[in-house]
Structure formats: C-alpha cells, structure tokens
Amino acid sequence: MSSTARELIPPESREPEGASVKRGRTRKARGVRVRRLSGRDKVVLSLMVGIPTLIELTLVWLPMLMSVGLSFTRWNGLDLGDIRPAGLDNYQYISQDYPPFWPAVQHNMLWLLFLALVATPLGLLLAVLLDQNIRGSKIYQSIFFAPVMLSLALIGIIWQLFYQRDNGLLNFLLGTAGTPQAVDWFGDSSVNIWAAMIAATWRHAGYVMLLYLAGLKGVDPSLKEAAAIDGANGYQTFFRVVFPAMRPINIVIVVITIIESLRAFDVVYVINRGTNGLEMLSALVIQNLVGEGQVIGVGSALAVVLLVISLVPIVFYLSRTFGKENKA
C-alpha cells in the first residue's frame, strides 16, 4: 500500500506496520506440507520399537506367563507329555505342608524392613555428607560405590572371609578367634540372617548413595536460599524442601529397595544354599526348579507368590504417588 493511500485511511482503521507481511507468512506456513515418513524411516522405526518389545516379551512376559500356567500343573520337567493339571494343589502344598515357606516369607519381609530402615537411610546420610564438598569427596564416593560394582555372589564370598569362625576378621577383632567362644556368624541359625543383611547393606547403601547424590545435585539452589531467608535451619531445609523436591529419586529408590529385598538370593545361596535360618523365597524357587529333585509345579507356584508379593507394594506405591501428582 502506498503512503498516499495509507494517509487517506482513518488512523483507527489503519493496519499496523508489517501486519500484511506477517499474514502472508502465515498463509505460506499453512500451505507447507508435512513430509511423510519414507519406507526406510518406517522400517527403522519398526525395528527400534519391535526388537526391544520382542526381547522383553521373550525374556520377561513369556516366562512369567509360563510360570503362572505351570504353577497349576504337576510336571517333572523332562517330558512334556507328563504335564498333568493340579489345580490349586501346589499352592495348598506350599502354604500348608512345605516347612520352609513361611520362614522364607518372614525372612524376605525382615530383609525388606532392614534395607528400608537401615541401608537406605545410611545411603542417604552418606549422600548428604558427600554433597558438602568436603576434601577427598571423590575418593570417598569411589570407596562407598565400589561394592555396587561387585556381584552379590562375590560379596557373599568376601563376607564369608570376614565372618569365619576360626580365622575370620570379626572374631579376631573380638578376641574370640580359635576359641570355643567364637561365634559362627554364618553357621548359627539365630544370627546368620542378620550377618547376611549387613553384607547386603554394604552394597545397597552405596547404590542408594549414588542415586541420592545425583538427586541432590539436581535440586535448585534457590529453594535452599528461600528456606534460609524464611529462617529454616539445616534440618528443616532438608526434610521440608530438599527431600520432597527429590520425589522422582525417592520413587526409584523405593522400587529398587523392594525389588532388592524380595529377590535376595546370591548372598544366602553362597553362604549355605538358603537353608539353616537363611530360607528365602528366591532360594526356594531355585531349589525346586533346578536339580535332581526338581518339582516344576511347586517351584512355579513359589515364583508366582514371589511375583505377587513384589508387585503389590510397588503398584500400590506408584499408583498413590502418581495419583497425587495428577490431582495436583
């Protein structure tokens, strides 16, 4: 539009400078066509989604469904033609006539409580201390994280050397090594569960420490500054501001703690194959599924019980947590 023609238009009816240009660009943008996926893109996308899904179906969901199905059968694990329906007999057997079952449930629950009330707070404490930028912080982090890189089977062997009755370091420090007063920490059924849980804590605390360290680094410093301005002390700042801000990390740690406690197997199996006071559900599953005396139906029923016990608290916690977020 020319300047002369623009002057003839009343000021209140004039179009802002550049409006016509923007309108033209908008029309052009609306006319742009979105490029469709090519055949190669579709193949790549299908492989990226399909391969992980197939692996999970093959290694997780299919065995789980097979275990559920086999828990209602009698089978010696050799000939498929020998599979016979058993209904709920396997579940009735393990709950009423299988002596190690209820001690194993109690030990798993005790393991969960110990990790939740001792190992996890210990890991949180280590993370808070190492987040203070103390001298040698990186070295301490490496020392506390080192057990996480070891397998639980190797940790069981290391702690066997520590707990040995005659030559173990603990009895040596207590001055009872080689004497009748020496405690057989892994052989005595009244104390071996506590000794095994301490060994598991050595590893679990380092893992929790690493996760909480990552969470503490991600907390906005302005939150701490605002709490300090409001007069909050260090204790109040952490538990009322910092800790709630790490909700995603807290969810991960709760799930990991539950899973670690219920699938505890390596340490107790290395010590005494999950017997003599160290009965665990995972060890009972292996005892019934592997070996000459395998009872596939009973082992599968134990595996299903372990699966249900694992899923119930996790689903309950996650549903409540994410439910609160959606309402907010």
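Procedures and definitions
- Residues numbered from 1 in each chain as written.
- Predicted model: local features only at pLDDT ≥ 70, side-chain atom pairs only at ≥ 80, totals over all residues.
- Heavy atoms only, no water.
- Helix = DSSP H or I, 4+ residues; strand = E, 2+ residues; numbered from the N terminus.
- Buried < 20%, exposed > 50% of the residue type's maximum accessible area, 1.4 Å probe, protein only.
- Contact = heavy atoms within 4.5 Å.
- Areas by Shrake-Rupley, 256 points an atom, 1.4 Å probe, with all protein chains shown as cover.
- 1 Å grid on protein atoms, 1.4 Å probe; cavity = no way out; pocket = protein on both sides within 12 Å on 5 of 7 lines; lining within 4 Å.
- Points joined across faces, edges and corners; volume = space filled by probe spheres on them.
- Nonpolar A, V, L, I, M, F, W, Y, C, P; charged D, E, K, R; others polar.
- Patch = residues over 30% accessible without salt bridge, like charges linked within 9 Å, V, L, I, M, F, W, Y side chains within 5 Å.
- Salt bridge = Lys/Arg side-chain N within 4 Å of Asp/Glu carboxyl O.
- pLDDT = per-residue confidence, 0-100.
- Core = buried A, V, L, I, M, F, W, Y, C linked by side-chain atoms within 4.5 Å.

1. As for the overall build of the protein chain
- When helices and strands are tallied, the protein chain shows 15 helices and two strands.
- Evaluated residue by residue, the protein chain yields a buried proportion of 32% over its 328 residues.
- In the protein chain, the proportion of contacts linking residues at least 24 apart, taken out of those at least 6 apart, comes to 62%.
- By element, 64% of the accessible surface of the protein chain is carried by carbon and sulfur atoms, the whole surface being about 20,700 Å².

2. Some words on the layout of surface pockets
- Of the volumes computed, that of the largest pocket is approximately 520 Å³.
- Taken together, 20 residues line the largest pocket, and the ones lying closest to its centre are M64, A303, L306, L307 and S310.
- Elements represented by at least two residues in the lining of the largest pocket include exactly α3 (39-70), α12 (247-262), α14 (281-289) and α15 (296-327).
- When grouped by side-chain class, the residues that make up the lining of the largest pocket number 16 nonpolar, three polar and one charged.

3. Concerning a nonpolar patch on the surface
- A contiguous nonpolar patch, built from V43, L47, I51, I55, L57, L59, V60 and W61 and spanning about 760 Å² of accessible area, is present on the exposed surface.
- Tracing the backbone shows L57 in helix α3.
- A relative accessible area of 43% places L57 in the partly exposed class.

4. Some details on the pattern of salt bridges
- Enumeration according to the criterion identifies two salt bridges in this entry.
- Between R74 and D89 there is a salt bridge, and its shortest N-O distance comes to 2.8 Å. Placement of R74 in strand β1 (residues 73-74) and of D89 in helix α4 (residues 89-96) is noted, with a sequence separation of 15 residues between them.
- Accessibility expressed as a relative area gives 34% for D89, which makes it partly exposed.
- With a closest N to O distance of 3.1 Å, K217 and D131 form a salt bridge.

5. A short note on empty space enclosed by the protein
- Under the counting rule described, the total for this entry stands at one cavity of 30 Å³ or more.
- As for the largest cavity, its lining consists of W111, L115, L152, A200, R203, H204, E260 and A264.
- Elements represented by at least two residues in the lining of the largest cavity include exactly α5 (101-130) and α9 (192-217).
- Taken together, the residues of the lining of the largest cavity break down into five nonpolar, one polar and two charged.

6. What about the confidence of the model for the protein chain?
- Of the residues in the protein chain, 87% have a pLDDT of 70 or more, and the chain-wide mean is 82.
- Low pLDDT, under 50, characterises residues 4-8; the stretch is placed with five contacts to residues that sit more than four places away or in other chains.

7. Considerations on the side chain of S310
- Structurally, the position occupied by S310 is in helix α15.
- Those residues within four positions of S310 in sequence are excluded, and the remaining contacts are I258 and L262.

8. Some words on the nonpolar core
- W111 and Y163 are the most contacted members of the largest nonpolar core, which totals 24 residues.
- The set of elements that each furnish at least two residues to this core consists of α5, α7 (152-163), α9 and α13 (266-272).
- Broken down by element, this core gets its largest block of residues, six residues, from α9.
- Sequence-distant contacts of Y163, that is, excluding residues within four places in its chain, are made with G168, L170, N171, V183, W185, F186, A195 and I198.
- Counting residues in hydrophobic clusters, the runner-up holds 20 residues, among them Y91, L112, L281 and L306.

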